[in-house]
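# Close look at the chain arrangement
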Amino acid sequence: MAYDTPRSTARIGAHPIHPMLIPFPIACFVGALLTDIAYWQTANIMWADFSTWLVTVGVIMGYLAAIAGLIDFLGSRVIRALAPAWPHVIGNLVVLALATVNMLVHTRDAWTSVVP
């Protein structure tokens, strides 16, 4: 029995774009959590500013990764047929929506964005 291996539609040469972009929002969101904790403990506004920038860059890179992932998802019947593909797409859209709300809250006011 032969299995089709999924191939990325959005790629540069032989390198898929989606897996290259994914680490950036993850690193930014983890960094934002750490700088939020640092701001909560020190009340130094520098940490809140770092959090705002990290969340904003994470959202932007998340949308770029989502676009590349959506191109892969819609461009390959093999990827759409995989069982984990649909929850992956839906979960990522939910996370991006929540991250966008978080970004808007972070840019409003430092204290209320970190400590409710």
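Everything discussed here concerns the structure shown above.
## Describing the overall build of the chain
- Of regular secondary structure, the chain possesses six helices and two strands.
- If you list the helices and strands of the chain from N to C, you get β-β-α-α-α-α-α-α.
- In the chain, which comprises 116 residues, the share counted as buried stands at 34%.
- Of the roughly 7700 Å² that the chain leaves accessible, carbon and sulfur atoms contribute 74%.

## Thoughts on the nonpolar core
- Listed in full, the five residues of the largest apolar core are Ala32, Val55, Val59, Ala99 and Met103.
- Of all the secondary-structure elements, those providing two or more residues to this core are α3 (45–75) and α5 (85–108).
- In this view, Met103 contacts Val55, Thr56 and Val59; residues no more than four positions away in its chain are not counted.

## Comments concerning a nonpolar patch on the surface
- On the surface, a nonpolar cluster with roughly 610 Å² of combined accessible area is contributed by Ile26, Val30, Leu33, Leu34, Ile37 and Trp40.
- Relative to the assigned elements, Ile26 resides in helix α2 (residues 23–42).

Quick notes on the rules
- Residues numbered from 1 in each chain as written.
- Predicted model: local features only at pLDDT ≥ 70, side-chain atom pairs only at ≥ 80, totals over all residues.
- Heavy atoms only, no water.
- Helix = DSSP H or I, 4+ residues; strand = E, 2+ residues; numbered from the N terminus.
- Buried < 20%, exposed > 50% of the residue type's maximum accessible area, 1.4 Å probe, protein only.
- Areas by Shrake-Rupley, 256 points an atom, 1.4 Å probe, with all protein chains shown as cover.
- Core = buried A, V, L, I, M, F, W, Y, C linked by side-chain atoms within 4.5 Å.
- Contact = heavy atoms within 4.5 Å.
- Patch = residues over 30% accessible without salt bridge, like charges linked within 9 Å, V, L, I, M, F, W, Y side chains within 5 Å.
- Salt bridge = Lys/Arg side-chain N within 4 Å of Asp/Glu carboxyl O.

As far as function goes, none of this settles anything; it's purely spatial.
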